[in-house]
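Structural characterization, general
Each chain is listed here by its residues.
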Amino acid sequence: NAGVTQTPKFQVLKTGQSMTLQCAQDMNHNSMYWYRQDPGMGLRLIYYSASEGTTDKGEVPNGYNVSRLNKREFSLRLESAAPSQTSVYFCASSTTSGGWTGELFFGEGSRLTVL
Amino acid sequence: AQSVSQHNHHVILSEAASLELGCNYSYGGTVNLFWYVQYPGQHLQLLLKYFSGDPLVKGIKGFEAEFIKSKFSFNLRKPSVQWSDTAEYFCAVTPTDNYGQNFVFGPGTRLSVLP
């Protein structure tokens, strides 16, 4: 059981380049999230998707776009990368089916460096 | 909007010492409270949670936390730490009425346990 899988794990970009972070979960969860983790700031929510076909902005959405391709997959796109987007990105999922447990299941993270 | 603060940025303890990590939140309504842990090189995982009922909750690996509503606090404790507890610990809060669509994490506390 893979849980939440993110790719790539590491990426170096130049300013202005674009890229997409992929996330897939195999737990049949309805909600999926993208967070960024920066030193001393904890995790900040970029976007979330409460169900297939819906997405909503989180605390720090500027410079990012997301796609909830289907129930399993939730991708995060940087259209024109900036050095301020250097961070570790985490995808997470959770479910409300059968009662919400409150637990977020995280992927292993994607470390992005923008030069 | 809710916010979470954690009292210590970095805590260094010797094995067998007792641990208490502080967490305070700001929110006008009722909340669910969580502690997540990130071991070196691993993804975040749930340590324990509080939804309702007994304000003293127990989690995995001997950790416990106490919710003190009047102080808006949810401090994490462990009577005797081990070297394997070295990790980063994140307190998180979400309003009870949105099923986790808006988790807010604290900045994290790094715990180093010396053998």
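Residues numbered from 1 in each chain as written. Chains lettered and ligands numbered in written order. Predicted model: local features only at pLDDT ≥ 70, side-chain atom pairs only at ≥ 80, totals over all residues. Heavy atoms only, no water.

1. Section: the environment of Ser18 of chain A
Residues and elements named next belong to chain A.
- Note that Ser18 resides in the loop between strand E2 (10-13) and strand E3 (19-25).
- Beyond its immediate chain neighbours, meaning those up to four positions away, Ser18 contacts Leu13, Arg77, Leu78 and Glu79.
- Of note is the side chain of Ser18, whose polar atom sits 3.2 Å from the side chain of Arg77. (Helix = DSSP H or I, 4+ residues; strand = E, 2+ residues; numbered from the N terminus. Contact = heavy atoms within 4.5 Å. Polar contact = N/O pair within 3.5 Å; in protein donor to acceptor, adjacent residues only side chain to side chain.)

2. Focus on the interface of chain B and chain A
- Facing 20 residues of chain B, the contacting portion of chain A comprises 20 residues.
- Carbon and sulfur atoms supply 62% of the area that chain B and chain A bury against each other, a total of about 1700 Å² over both sides.
- At the junction of chain B with chain A, the criterion picks out zero salt bridges.
- Taken together, chain B and chain A are joined by three residue pairs in polar contact (both at pLDDT 80 or more).
- Counting residues per element, the side of chain B that touches chain A draws most heavily on strand E5 (residues 31-38) of chain B, which supplies four residues.
- Of the residues assigned to the side of chain B that touches chain A, the class counts are ten nonpolar, eight polar and two charged. (Buried area = accessible area lost by both parts, 1.4 Å probe. Salt bridge = Lys/Arg side-chain N within 4 Å of Asp/Glu carboxyl O. Nonpolar A, V, L, I, M, F, W, Y, C, P; charged D, E, K, R; others polar.)

3. Observations concerning the state of the cysteines
- Evaluated as defined, the whole model comprises two disulfides over all chains.
- Here Cys23 of chain A connects covalently by a disulfide to Cys91 of chain A, the sulfurs 1.9 Å from one another. Between Cys23 of chain A and Cys91 of chain A, the S-S torsion sits near -75°, and that sign places the bridge as left-handed. Here the residue Cys23 of chain A occupies a position in strand E3, and Cys91 of chain A occupies one in strand E9 (residues 87-94), the gap between them amounting to 68 residues.
- Between the sulfur atoms of Cys23 of chain B and its disulfide partner Cys91 of chain B the distance amounts to 1.9 Å. Judged by the torsion about the S-S bond (-65°), the Cys23 of chain B/Cys91 of chain B disulfide is left-handed. Within this pair, whereas Cys23 of chain B is found in strand E4 (residues 23-26), its partner Cys91 of chain B is found in strand E10 (residues 87-95), the two being separated by 68 residues in sequence.
- In this structure Cys23 of chain B comes out as buried when scored by relative accessible area, which is 0%.
- Residue classification places Cys91 of chain B among the buried residues on the basis of a relative accessible area of 0%. (Disulfide = S-S within 2.5 Å. Buried < 20%, exposed > 50% of the residue type's maximum accessible area, 1.4 Å probe, protein only.)

4. Digging into the layout of surface pockets
- Volume-wise, the largest pocket comes out at about 400 Å³.
- Broken down by secondary-structure element, the contributors of at least two residues to the lining of the largest pocket are E9 and strand E11 (110-114) of chain A together with E10 and strand E12 (109-114) of chain B.
- Among the residues making up the lining of the largest pocket, the classes are represented as seven nonpolar, nine polar and five charged.
- Quantified by volume, the second largest pocket comes out at close to 170 Å³.
- Leu43, Arg44 and Glu59 of chain A together with Val104 and Phe105 of chain B are the residues nearest the centre of the second largest pocket, which is lined by 13 residues in total.
- Of all the secondary structure elements, the ones that give two or more residues to the lining of the second largest pocket are strand E5 (42-49) of chain A together with strand E11 (104-105) of chain B.
- Here the element with the most residues in the lining of the second largest pocket is E5 of chain A; it accounts for three residues.
- When the residues that make up the lining of the second largest pocket are grouped by side-chain class, the tally is eight nonpolar, three polar and two charged. (1 Å grid on protein atoms, 1.4 Å probe; cavity = no way out; pocket = protein on both sides within 12 Å on 5 of 7 lines; lining within 4 Å. Points joined across faces, edges and corners; volume = space filled by probe spheres on them.)

5. Considering the side chain of Thr95 of chain A
Residues and elements named next belong to chain A.
- Looking at the secondary structure, you find Thr95 in the loop between E9 and strand E10 (105-106).
- Classification of Thr95 as buried rests on a relative accessible area of 18%.
- Within the local environment of Thr95, its side chain forms a polar contact with the side chain of Asn30, the two groups lying 3.2 Å apart.
- Excluding residues that lie within four positions of it along the chain, Thr95 makes contacts with His29, Asn30, Trp100 and Thr101.

6. Considerations on the sheet that holds strand E7 (residues 64-68) of chain A
All names here are of chain A.
- Spatial strand order, E1-E3-E8-E7: four strands in an open sheet with antiparallel pairing. Edge positions in the open sheet fall to strand E1 (4-7) and E7, since each of these has one partner strand only. Strand-to-strand twist across the sheet, computed as the mean angle between neighbouring axes with direction ignored, equals 15°.
- As paired strands, E7 and strand E8 (residues 74-78) are joined by five bridges and run antiparallel to one another. What sits directly across from Tyr64, in E8, is Leu78. (Pairing = 2+ DSSP bridges. Axes fitted to C-alpha atoms, helices over the stretch in contact; angles between N-to-C directions.)

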